[in-house]
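# Reading the structure
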Amino acid sequence: MHPTLRIAVKCDRCVERQAAGEEPACVGACPTHALEFGDEDDLAKEKRLSAAARVAHAVSGSAEKQTANSSLDTLRSLRGL
Ligand code: SF4
């Protein structure tokens, strides 16, 4: 929002909020968490770990939690995570 014209303007990545250590307003407001904000490498790592956990869980089944954790540890070590 332009401060004096009071109209919507092009996205500025919420520079004021970021300067204050806050995430962009749209990221915080999204009810389905469709938006994420942060270091791209960190976000990519989280996505890989989440996908690996889902695969390990699907392969081993929920009754095999220990096996799933072992599978996840194996995936992490293979990917250097
Ligand atoms: S709320 Fe989102 S779209 Fe709007 S200015 Fe901030 S970062 Fe850009």
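The rules behind these values
- Residues numbered from 1 in each chain as written.
- Predicted model: local features only at pLDDT ≥ 70, side-chain atom pairs only at ≥ 80, totals over all residues.
- Helix = DSSP H or I, 4+ residues; strand = E, 2+ residues; numbered from the N terminus.
- Buried ≥ 20, exposed ≤ 12 C-beta atoms within 10 Å, placed from the backbone.
- Contact = placed C-beta atoms within 7 Å.
- Expected span 1.5 Å × (residues − 1).
- pLDDT = per-residue confidence, 0-100.

### Things to note about the overall build of the protein
Tallying secondary structure elements over the protein gives 4 helices and 0 strands in all. Reading the protein from its N end, one meets helices and strands in the order α-α-α-α. Among the 81 residues that make up the protein, the fraction classed as buried is 2%. Sequence separation of at least 24 residues holds for 13% of the intrachain contacts in the protein that already meet a minimum separation of 6.

### As for unusual backbone geometry
Note on backbone geometry: most residues besides glycine have negative phi, and most peptide bonds are trans. Located in the positive-phi region is Arg13, a residue other than glycine, with phi close to 60°. As for its placement among the helices and strands, Arg13 is situated in the segment before helix 1 (15-19).

### A closer look at helix 3 (residues 40-60)
Taking 1.5 Å of rise per residue, 21 residues should cover 30 Å, and helix 3 covers 30 Å from first to last C-alpha, within 8% of that figure. Across the 21 residues that make up helix 3, only a small minority, 1, are buried.

### Examining the confidence of the model for the protein
Looking at the protein, pLDDT values average 83 and 81% of them are 70 or higher. Within the protein, the element-level pLDDT minimum falls on helix 4 (residues 65-79), averaging 66, and the maximum on helix 1, averaging 94.

### A word on the environment of Leu72
Among the secondary structure elements, Leu72 is positioned in helix 4. Taking the number of C-beta atoms within 10 Å as the measure of exposure, Leu72 has 19 and is therefore partly exposed. Counting along the chain gives 17 residues from Leu72 to Val55, while the straight-line C-alpha distance between them is 8.6 Å.

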